[in-house]
Amino acid sequence: TARILRLNEYIVANETYSKNIENGISFLDITIMTMESIQQELQNAEVLFTRINNAENDTNLTVFADQVKYTLDSILKLANTNFDGRYLFGGTDYSTEPYGFNNDGSLIEQKIPDASGEHKIKISNNVTQKINISGKELFGDIDGNDIFNILKTIEENLRNGIKPSSAQADAVKNINTNVLNQLTAAGNIMNRLKDAEEMLNNQTIELKNLLSKEKDTDIAAAVIDLQ
C-alpha cells in the first residue's frame, strides 16, 4: 500500500509538471509567432529605407511616411499581444498593455513599471524554466532611442521632407538583429521544454506500469509472505 501511494504521488506530480510544460509551450509558441511578425515588419522597414533613399522617390516621401506609420502601428500592436489573459512582453505584469502613446501622443512610452520580469514554470521537482521573452529583452529601454520612437521620428521627418539618417537606419537594423537573437533564445527554450515533456511522459508510463504491477499483487500470498 505504501508503494502504491508513493507511485501515485509521483504520477500526480509528473502530470502537474507535464501540464505546466504544455501551457508553457503554448505561451512560447504564440510568443515566437509574434516575434516572427515583428521581425518581418522590421525587415520590411529596412527595405523601405533603401527605397526612400532612391533619388527618384523624393516626391513620394508622404507616401513612405504612411508606410512607416503602418509599420509602427503593427509593431506596437504586436508588442501588446495578449494570450490567455497575459501580455506576452509585459514580464510578470499581465494586467496592463506594456506599450502605448503618452497623453499628448508625442511619444511611445512603457506603461508598466517593469517589463523585465521572468515568467517561470516548474518542470520537475527541483527545476524551473523561464518561458517568456520580456519586453526589456526584446525592445530594450523605451527612452526615445527605441524602435517605436525611432520609427515615429522617421515618419514625422518624412512628412517634413527629411529622409531617414544612416544612424536611424542602422538603429533599426540593430534592433532587427536583436529580435532575431531573441527568436533563437526562444527556440532554445522551446527545445528544452519539449525534451522535458518527453522525459516526463516516459517516466509516467514507467510509473504507471509499476503501479499496475503493485495493484496486481496476490493479497493472500502477500499476507502469507508477511507472516
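Residues numbered from 1 in each chain as written. Predicted model: local features only at pLDDT ≥ 70, side-chain atom pairs only at ≥ 80, totals over all residues. Heavy atoms only, no water.

Undergrad: Would you take a moment to explain the overall build of the protein chain for this structure?
TA: The secondary structure content of the protein chain amounts to six helices and six strands. Along its sequence from the N terminus, the protein chain presents helices and strands in the succession α-α-β-β-β-β-β-β-α-α-α-α. Against the 2.2 N^0.38 benchmark of 17 Å for 227 residues, the protein chain shows a C-alpha radius of gyration of 26 Å, more extended than a compact globule. Principal axes of the C-alpha set define a box for the protein chain whose edges measure 100 × 35 × 20 Å. Burial analysis of the protein chain (227 residues in total) assigns 40% to the buried set. Sequence separation of at least 24 residues holds for 68% of the intrachain contacts in the protein chain that already meet a minimum separation of 6. Total accessible area computed for the protein chain in this model is approximately 12,600 Å², and 49% of it derives from carbon and sulfur atoms. Of the side-chain charges in the protein chain, 21 are positive and 33 negative, and the distance between the mean point of each set is 2 Å. (Helix = DSSP H or I, 4+ residues; strand = E, 2+ residues; numbered from the N terminus. Rg over C-alpha atoms; globule rule 2.2 N^0.38 Å. Buried < 20%, exposed > 50% of the residue type's maximum accessible area, 1.4 Å probe, protein only. Contact = heavy atoms within 4.5 Å. Areas by Shrake-Rupley, 256 points an atom, 1.4 Å probe, with all protein chains shown as cover. Lys, Arg positive; Asp, Glu negative; His and termini not counted. Charge placed at Lys NZ, Arg CZ, Asp CG, Glu CD.)

Undergrad: Please clarify how unusual backbone geometry should be interpreted in this entry.
TA: In terms of backbone geometry, most residues other than glycine have negative phi values and most peptide bonds are trans. A positive phi is found at D84, a non-glycine position, where the angle reads about 55 degrees. Here D84 is to be found in the loop between β1 (82-83) and β2 (86-87).

Undergrad: Before we go on, may I ask you to explain the nonpolar core in this structure?
TA: Generally speaking, soluble globular proteins have nonpolar side chains that are buried together. In terms of nonpolar packing, the biggest core is built from 51 residues, with I38, F139, I147, F148 and L193 touching the most fellow members. Of all the secondary structure elements, the ones that give two or more residues to this core are α1 (2-52), α2 (61-79), β5 (120-124), α3 (135-139), α4 (147-159) and α5 (166-215). Ranked by residue count, the leading element in this core is α1, at 13 residues. Discounting residues that sit within four places of it in the chain, I147 has contacts with L42, I75, F139, V172 and I175. (Core = buried A, V, L, I, M, F, W, Y, C linked by side-chain atoms within 4.5 Å.)

Undergrad: How should the pattern of salt bridges be read in this particular structure?
TA: Any two side chains of opposite charge can pair, given that their charged atoms come close. By the definition in use, this model includes 10 salt bridges. Salt bridges sharing partners connect three or more residues here, namely D66, E155 and R159. (Salt bridge = Lys/Arg side-chain N within 4 Å of Asp/Glu carboxyl O.)

Undergrad: Can you help me understand the side chain of R86 in this one?
TA: Along the chain, the position of R86 falls in strand β2. Buried and unpaired, R86 has no salt bridge, with D84 as the nearest side chain of opposite charge at 4.3 Å. With residues up to four places along the chain from it excluded, the contact list for R86 reads F27, T81, Y94 and H119.

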